[in-house]
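Observations on the model geometry
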Amino acid sequence: MAARLKVHVDPDKCQGHARCKALAPELFELDEYGNAHEVGDGTVPPGLEDKAWLAKSNCPEIAIDVIEE
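Residues numbered from 1 in each chain as written. Predicted model: local features only at pLDDT ≥ 70, side-chain atom pairs only at ≥ 80, totals over all residues. Heavy atoms only, no water.

Under the annotation held in an unreviewed UniProt entry, the chain carries the name Ferredoxin and is attributed to Bradyrhizobium zhengyangense.

Listed below in structure tokens is the structure:
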């Protein structure tokens, strides 16, 4: 059985570049200041795992964690 993934954005590190939202809009939302946060509890739906890892690797502030459960 494959591990379930969750994404988490560290609000202290996010600077609002919004690359995550551009690459994985299903997983990230932006607040009124343009800073990202995970959708819901951060659970990555099946089939979107690659987008979670892509968003993490493209974050210039290293603000995204992908957690395997």
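Resuming the write-up.
**Notes on the overall build of the chain**
For clarity, the cut-off: The helix count covers DSSP runs of H or I at least four residues long, the strand count covers runs of E at least two residues long, and both are numbered beginning at the N terminus. Each radius of gyration reported is based on C-alpha atoms, and the globular scaling rule is 2.2 Å times the count of residues to the power 0.38. Each residue gets one of three labels from its accessible area relative to the maximum for its type: buried under 20%, exposed over 50%, partly exposed in between, using a 1.4 Å probe on protein chains only. Here, two residues are considered to be in contact whenever any of their heavy atoms come within 4.5 Å of each other. Throughout, the Shrake-Rupley method with a 1.4 Å probe supplies accessible areas, and for residues the shown protein chains are the sole cover considered.
If you tally the helices and strands in the chain, you get 2 helices and 4 strands. When the helices and strands of the chain are placed in sequence order, the string is β-α-β-β-α-β. For a compact globule of 69 residues, the expected C-alpha radius of gyration is about 11 Å, and the chain comes in at 11 Å, within 12% of that figure. In terms of overall dimensions, the chain has a C-alpha envelope of 40 × 20 × 20 Å along the principal axes. Taken over 69 residues, the chain has a buried fraction of 30%. Contacts in the chain between residues at least 24 apart in sequence constitute 60% of all its contacts with a sequence separation of at least 6. Per element, the accessible surface of the chain, about 4,400 Å² overall, is 51% carbon and sulfur.

**What to know about the pattern of salt bridges**
Side chains that carry opposite charge are capable of pairing whenever their charged atoms lie near each other. Our working definition: Salt bridges, as used here, are contacts in which a Lys or Arg side-chain nitrogen is within 4 Å of a carboxyl oxygen on Asp or Glu.
This structure, assessed with the given rule, holds 3 salt bridges. One salt bridge in this structure joins arginine 4 and glutamate 69, with 3.7 Å as the shortest N-O distance. Within this pair, whereas arginine 4 is found in the segment before β1 (5-9), its partner glutamate 69 is found in the segment after β4 (64-68), the two being separated by 65 residues in sequence. Classification of arginine 4 by relative accessible area gives partly exposed; the value is 46%. A salt bridge links aspartate 41 to lysine 6, with the shortest nitrogen-to-oxygen separation between them at 3.6 Å.

**Remarks on the environment of leucine 5**
In this fold, leucine 5 is placed in strand β1. Once the C-alpha coordinates of leucine 5 and threonine 43 are considered, the two residues, 38 residues apart in sequence, prove to be 6.1 Å apart. Once residues lying within four places of it in the same chain are set aside, the contact partners of leucine 5 are Gly42, Thr43, Val44, Glu49, Trp53, Val66, Ile67 and Glu68.

**As for the nonpolar core**
Note the following rule: In this description, a nonpolar core means a group of buried Ala, Val, Leu, Ile, Met, Phe, Trp, Tyr and Cys residues linked to one another through side-chain atoms lying within 4.5 Å.
Judged by nonpolar contacts, the single largest core of 17 residues is most densely connected at Val9, Leu27, Phe28, Val44 and Ile64. Among the elements of the structure, β1, α2 (49-58) and β4 are those that each provide at least two residues to this core. Among the elements that line this core, the one with the most residues is β1, at 3 residues. Non-local contacts of isoleucine 64, meaning those with residues more than four positions away in its chain, are made with His8, Val9, Cys20, Phe28, Ala55, Lys56 and Cys59.

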